[in-house]
Amino acid sequence: MNKKYDIVVVGAGPAGSTAARFAAQSGASVLLLEKDREIGIPVRCAEGVGEKGLETVVKIKPHWIAQEVSGVTLVSPSEDRVDIESNEMGYVLNRKIFDYELAQMAATAGANVLTRAYVHGLLFQNGKAGGVRLQHLDSELEVEASIVIGADGIESRVGRWAGLKTKTSMKDMETCAQVTASHIDVDGRYCQFYFSNEKYPGGYLWIFPKGNGLANVGLGISGEYSKHKSPLACLQDFLDARFPHASILTTVAGGVPCSPTLEQIVGDGLMLVGDAAHQANPVSGGGITSGMIAAKIAGQVAGAAIAEGNVSKKRLTEYVNLWNKAEGNKHKVFYKLKKFVYNLSDEELDNAARILLDMPKEKRTLVNIFKSALIKHPSLIVDIIKAFA
Amino acid sequence: METKSMQGISYRRDLCDFCGTCVAVCPHDAIELSENDLQITEKCTQCMNCVYICPVRALEGSDE
């Protein structure tokens with residue numbers, strides 16, 4: 001490892017590894033740092049992705065996929081189950097393998113990768129981010145860089161150190177617990193979402209099949225409501241009631257920021273990607289694909305900025321503009337939708353489910369769901385049409 | 001059971017998943033989380049965000 005790179009990426013999740021790969025492909029020297037001892041572990045994620053978005057960033061390999069899914073099942077508070085076929089193939093991934101190989105692809109593109117590298121501060125040069133301080137095993141190191149890319153997940157400390165406002169509000173933080181368990185007997189063709197304002201306020205419970213009776217079962221609730229009962233305790237109740245014979249192979253906990261993208265995700269010599277930038281879909285909390293789409297843009301812009309010798313905030317703002325055009329603007333609309341959906345009472349959710357069940361299956365699309373659910377909120381329909389027109 | 005108390009908040013390392021959700025919602029950047037330990041610094045104002053957000057209840061108000 002050298003002491004000086006064009007670009008240092010902090011965090012080797014899907015966004016970090018993708019940013020590193022595209023930056024290295026542009027010819028920049030890149031160092032990718034991961035605090036954990038092994039890339040891909042632990043997996044704090046339900047692992048669901050859509051094919052179309054992901055294909056724009058990486059060629060999907062069959063051995064990354066645990067289960068193909070063709071749609072979703074929405075489950076209402078009184079347990080009406082509505083199957084909805086998706087217009088694209090969905091996958092439940094094996095992220096242990098996926099993350100590992102994304103980092104490997106970054107290395108193949110020319111990036112240096114270092115695990116057990118705990119970054120605990122930034123170096124500053126002329127008032128701008130100029131590298132990182134880190135602990136690797138028992139040694140303290142300083143690495144200089146023209147651009148630091150923070151892909152450090154929800155903690156988003158790289159951004160904080162640079163003076164960006166990266167804190168997540170309690171209401172926008174979904175606090176989550178998940179198990180990967182066997183003997184979860186569900187239809188492998190659908191990812192299931194359970195909604196109930198009483199049981200899962202400001203969030204939902206999910207069951208994502210992984211094949212052969214294995215599934216990710218988890219739930220998230222808004223931090224606005226987690227004071228009285230933890231997501232882990234809620235999940236335990238659900239498992240005891242529904243799957244008393246489940247064998248739990250992994251338990252993880254964590255948070256998902258479900259807000260629009262942070263106001264500031266670039267600075268002089270600094271960029272944020274993925275959860276560090278709040279780039280997950282604010283309704284679903286899904287952040288693999290959107291984080292990787294952002295990271296591809298960020299890596300390319302960073303590489304070009306290095307080649308031009310201009311890493312100013314103004315130059316790096318190209319990333320912000322391209323991200324907003326790709327996904328960021330849609331997320332602003334999704335955020336309005338989130339507030340609408342999570343304000344529905346259990347009675348209203350049950351009514352919506354019954355309306356959907358009365359529709360022929362081929363007409364049950366997400367767009368039609370929104371149409372029927374939003375009749376009382378015409379201004380939101382206009383926003384949605386604008387976002388997708 | 002391994003408990004340590006800092007700034008009026010008790011921390012159970014045996015329950016902690018090191019997920020960083022507490023760090024993300026701390027308004028004062030008062031929490032230092034490494035791969036195997038957590039420190040709450042004197043910047044803490046006891047707003048209890050970390051206690052309420054913790055998905056596994058590894059943090060608790062000491063006086064509760």
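Predicted model only: the values in this text are computed from it and were never measured. (Residues numbered from 1 in each chain as written. Chains lettered and ligands numbered in written order. Predicted model: local features only at pLDDT ≥ 70, side-chain atom pairs only at ≥ 80, totals over all residues. Heavy atoms only, no water.)

Undergrad: Provide a residue-level description of unusual backbone geometry, including the pertinent values.
TA: Omega for the peptide link from Ile41(A) to Pro42(A) comes to -5 degrees, which places this bond in the cis form. A positive phi angle is found at Asn126(A), which is not glycine, with a value near 55 degrees. Mapped onto the elements of the fold, Asn126(A) is located in the loop between strand 7 (117–125) and strand 8 (128–136). With a phi close to 55 degrees, Arg57(B) is a non-glycine residue in the positive phi region. With respect to the helices and strands, the residue Arg57(B) is situated in the loop between helix 2 (49–53) and strand 5 (59–61). (Helix = DSSP H or I, 4+ residues; strand = E, 2+ residues; numbered from the N terminus.)

Undergrad: Describe the domain arrangement of chain A, naming the residues involved and giving the relevant values.
TA: Residues and elements named next belong to chain A. For chain A, the assigned domains read domain 1 (4–44 + 96–168 + 259–328), domain 2 (68–85 + 170–257) and domain 3 (339–388). Across the boundary between the two partners, domain 1 contributes 12 residues, which contact 9 residues of domain 2. One can count 0 salt bridges joining domain 1 with domain 2. Viewed at the interface, domain 2 and domain 1 are joined by 2 residue pairs in polar contact (both at pLDDT 80 or more). Partitioning the side of domain 1 that touches domain 2 into residue classes produces 5 nonpolar, 5 polar and 2 charged. (Domains from an automatic or database assignment. Contact = heavy atoms within 4.5 Å. Salt bridge = Lys/Arg side-chain N within 4 Å of Asp/Glu carboxyl O. Polar contact = N/O pair within 3.5 Å; in protein donor to acceptor, adjacent residues only side chain to side chain. Nonpolar A, V, L, I, M, F, W, Y, C, P; charged D, E, K, R; others polar.)

Undergrad: Now, about the packing of aromatic side chains: what can you tell me, with residues and values included?
TA: Residues and elements named next belong to chain A. With the rule as written, the count across this model stands at 7 aromatic pairs over all chains. Consider the rings of Tyr204 and Trp206, whose centres lie 5.9 Å apart with planes at 70 degrees: the pair is edge-to-face. Take Tyr204: its relative accessible area is 11%, and that puts it in the buried class. Through successive ring pairs, a cluster of aromatic residues spans Phe193, Phe195, Tyr204, Trp206 and Phe208. (Phe/Tyr/Trp six-rings, centres within 6.5 Å; stacked < 30°, edge-to-face > 60°. Buried < 20%, exposed > 50% of the residue type's maximum accessible area, 1.4 Å probe, protein only.)

Undergrad: Help me get a handle on helix 8 (residues 346–358) of chain A, residues and values and all.
TA: Turn by turn, an α-helix covers 3.6 residues, leaving residues three or four places apart pointing in a common direction. All names here are of chain A. For helix 8, spanning 13 residues, the distance from its first C-alpha to its last is 19 Å, which sits close to the expected 18 Å at 1.5 Å a residue. The complete set of buried residues in helix 8 reads Asp346, Leu349, Asp350, Ala353 and Leu356. When helix 8 is viewed along its axis, its buried side chains cluster within an angular range of 120 degrees and face the same direction. When the buried face of helix 8 is taken as reference, the exposed residues oriented beyond 90 degrees from it are Glu347 and Asp358. (Expected span 1.5 Å × (residues − 1). Arc of directions from axis to C-beta.)

Undergrad: An account of the packing of helix 1 (residues 14–25) of chain A against helix 6 (residues 288–308) of chain A is needed here, citing residue identities and associated values.
TA: A pair of packed helices is captured by two measures, namely the crossing angle of their axes and the spacing between those axes. All names here are of chain A. Running from N to C, helix 1 and helix 6 cross one another at 25 degrees; their axes reach a closest spacing of 7 Å. The orientation of helix 1 relative to helix 6 falls into the category roughly parallel. Here the hand of the crossing between helix 1 and helix 6 comes out right-handed. When helix 1 is examined against helix 6, the residues Pro14, Ala15, Thr18, Ala19, Phe22 and Ala23 are found in contact with a partner set consisting of Ile288, Gly291, Met292, Ala295, Lys296, Gly299 and Gln300. (Axes fitted to C-alpha atoms, helices over the stretch in contact; angles between N-to-C directions. Parallel < 35°, antiparallel > 145°, perpendicular 65-115°, else oblique. Left-handed = near helix turned anticlockwise from the far one by under 90°.)

Undergrad: Talk me through the pairing of strand 2 (residues 30–33) of chain A; I want residue IDs and the actual numbers.
TA: All names here are of chain A. Burial along strand 2 is two-sided: Val30 and Leu32 and Leu31 and Leu33, pointing in opposite directions, are all buried. Of the pairings in the sheet, the one linking strand 1 (residues 4–10) to strand 2 comprises 4 bridges and is parallel in character. Each residue of the ladder has a partner; that of Ile7, found in strand 2, is Val30. Assessed by its sense of winding, the connection that carries the chain from strand 1 through helix 1 to strand 2 is right-handed. Here strand 2 pairs with strand 6 (residues 112–114) via 3 bridges, running parallel. For Leu31, the partnering residue across the bridge sits in strand 6 and is Asn112. (Pairing = 2+ DSSP bridges. Right-handed = clockwise from strand over helix to strand, strands pointing away.)

Undergrad: Tell me about the pattern of salt bridges, and please be specific about residues and values.
TA: Within this structure, the stated rule accounts for 21 salt bridges over all chains. Its salt-bridge partner being Glu79(A), residue Arg242(A) comes within 2.5 Å of it at the nearest N-O pair. Placement of the pair is Arg242(A) in helix 5 (residues 231–242) and Glu79(A) in the loop between strand 4 (65–75) and strand 5 (81–93), with a sequence separation of 163 residues. What makes Glu79(A) partly exposed here is its relative accessible area of 31%. Of the charged contacts in the structure, one is a salt bridge between Arg160(A) and Asp29(B), with a shortest N-O distance of 3.3 Å. Placement of Arg160(A) in helix 4 (residues 157–161) and of Asp29(B) in the loop between helix 1 (21–25) and strand 3 (31–33) is noted, with the two residues assigned to different chains. As far as burial versus exposure is concerned, Arg160(A) and Asp29(B) are alike and both buried. Among the ionic contacts, a cluster of salt bridges with common partners joins Lys171(A), Asp172(A) and Lys338(A).

Undergrad: Break down the sheet that holds strand 5 of chain B for me, citing the residues and quoting the values.
TA: Residues and elements named next belong to chain B. An order of 1-2-5 is seen for the 3 strands of this open sheet, with the pairing classed as antiparallel. Edge positions in the sheet fall to strand 1 (3–6) and strand 5, since each has one partner strand and no second. Pairs of neighbouring strands in the sheet enclose a mean axial angle of 25 degrees, with direction left out of account. Looking at chain direction, strand 1 and strand 2 (residues 9–12) are connected through 4 bridges and run antiparallel. Counted as the bridge partner of Ser5 is Ser10 from strand 2.

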